Amino acid sequence: MKIIRQTDTSLEIRYLPTDKWIEACAIMIWGFLGVLEYMIELDAFLMAVCVLFLLWSSYIFLFSSKIRHCLADQTTQAFYIRDRNLVRTETLQKYFFSEISNLEIREEKTRHGWEYFAYLNLKSGEKIDLAQESMRDLETSLRPLAKLINCPYNLVPQETSFLN
């Protein structure tokens, strides 16, 4: 998440899912090279598998990877979330500051190492996923956002268990 615009009464941040885009491009290239290779060898089954990989990665790249714009505006006391993908399908959500409980970063250990997820928690119990990025990037955008909204901001470490 990067701060795009910041004034005394508003803050706009944007999240670009570049990691998903890189993975999708790598799969597309692999699928395309596979299609070329198996077209030369005339192996229809393996070529069909590569075409499916190509289509699947195209779907990920164009439709499922959402670009997220968040705008906190003190004049309207509202927090707006606009999601769109690369083919311009948009959704818009609006939450009033009075509905927001807190902002949090959760850390999780995955096979790729530590990953950090930013959430907007509402008083109703709903948890809205904002982004998945490095801790430094999330902190630089969420601290000013929490200050503007006037809500708590915290880091929730991964729960450790002696039974694991």
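Data block above holds the structure.
Residues numbered from 1 in each chain as written. Predicted model: local features only at pLDDT ≥ 70, side-chain atom pairs only at ≥ 80, totals over all residues. Heavy atoms only, no water.

**Q** Honestly, the overall build of the chain in this entry has me stumped. Any pointers?
**A** Check the secondary structure of the chain and you find 3 helices and 9 strands. Its C-alpha atoms give the chain a radius of gyration of 20 Å, clearly above 15 Å, the size a compact globule of 164 residues would have. Principal axes of the C-alpha set define a box for the chain whose edges measure 65 × 45 × 25 Å. Sorting the 164 residues of the chain into buried and exposed places 38% on the buried side. Once local pairs closer than 6 in sequence are excluded, the contacts in the chain between residues at least 24 apart make up 49%. Side chains of the chain give 18 positive and 21 negative charges; the mean places of these two sets differ by 6 Å. (Helix = DSSP H or I, 4+ residues; strand = E, 2+ residues; numbered from the N terminus. Rg over C-alpha atoms; globule rule 2.2 N^0.38 Å. Buried < 20%, exposed > 50% of the residue type's maximum accessible area, 1.4 Å probe, protein only. Contact = heavy atoms within 4.5 Å. Lys, Arg positive; Asp, Glu negative; His and termini not counted. Charge placed at Lys NZ, Arg CZ, Asp CG, Glu CD.)

**Q** Just checking my understanding: could you explain the packing of aromatic side chains for this structure?
**A** Centre distance and the angle of the planes are the two values used to describe a pair of aromatic rings. All told, the structure shown has 0 aromatic pairs when counted by the stated rule. Positioned above the aromatic ring of Tyr119, the side-chain terminus of Lys127 is 5.1 Å from the ring centre. (Phe/Tyr/Trp six-rings, centres within 6.5 Å; stacked < 30°, edge-to-face > 60°. Lys NZ or Arg CZ within 6 Å of the ring centre and 35° of its normal.)

**Q** Please explain the nonpolar core as it appears in this structure.
**A** A general tendency of soluble globular proteins is for nonpolar side chains to be buried together. Membership of the largest hydrophobic core comes to 29 residues, with the highest contact counts inside it found for Met1, Phe79, Leu103, Leu120, Leu130, Leu142 and Leu145. Looking at this core, the elements that each hand over two or more residues are strand S2 (10-15), strand S3 (67-73), strand S4 (78-84), strand S6 (100-110), strand S7 (113-122), strand S8 (127-133) and helix H3 (135-149). The dominant element in this core, judged by the number of residues it contributes, is H3, at 7 residues. Residues within four places of Leu142 in sequence aside, it is in contact with Met1, Leu103, Glu104, Ile105, Ala118, Leu130 and Tyr153. (Core = buried A, V, L, I, M, F, W, Y, C linked by side-chain atoms within 4.5 Å.)

Remember, this is a structural readout, not a statement about activity or role.
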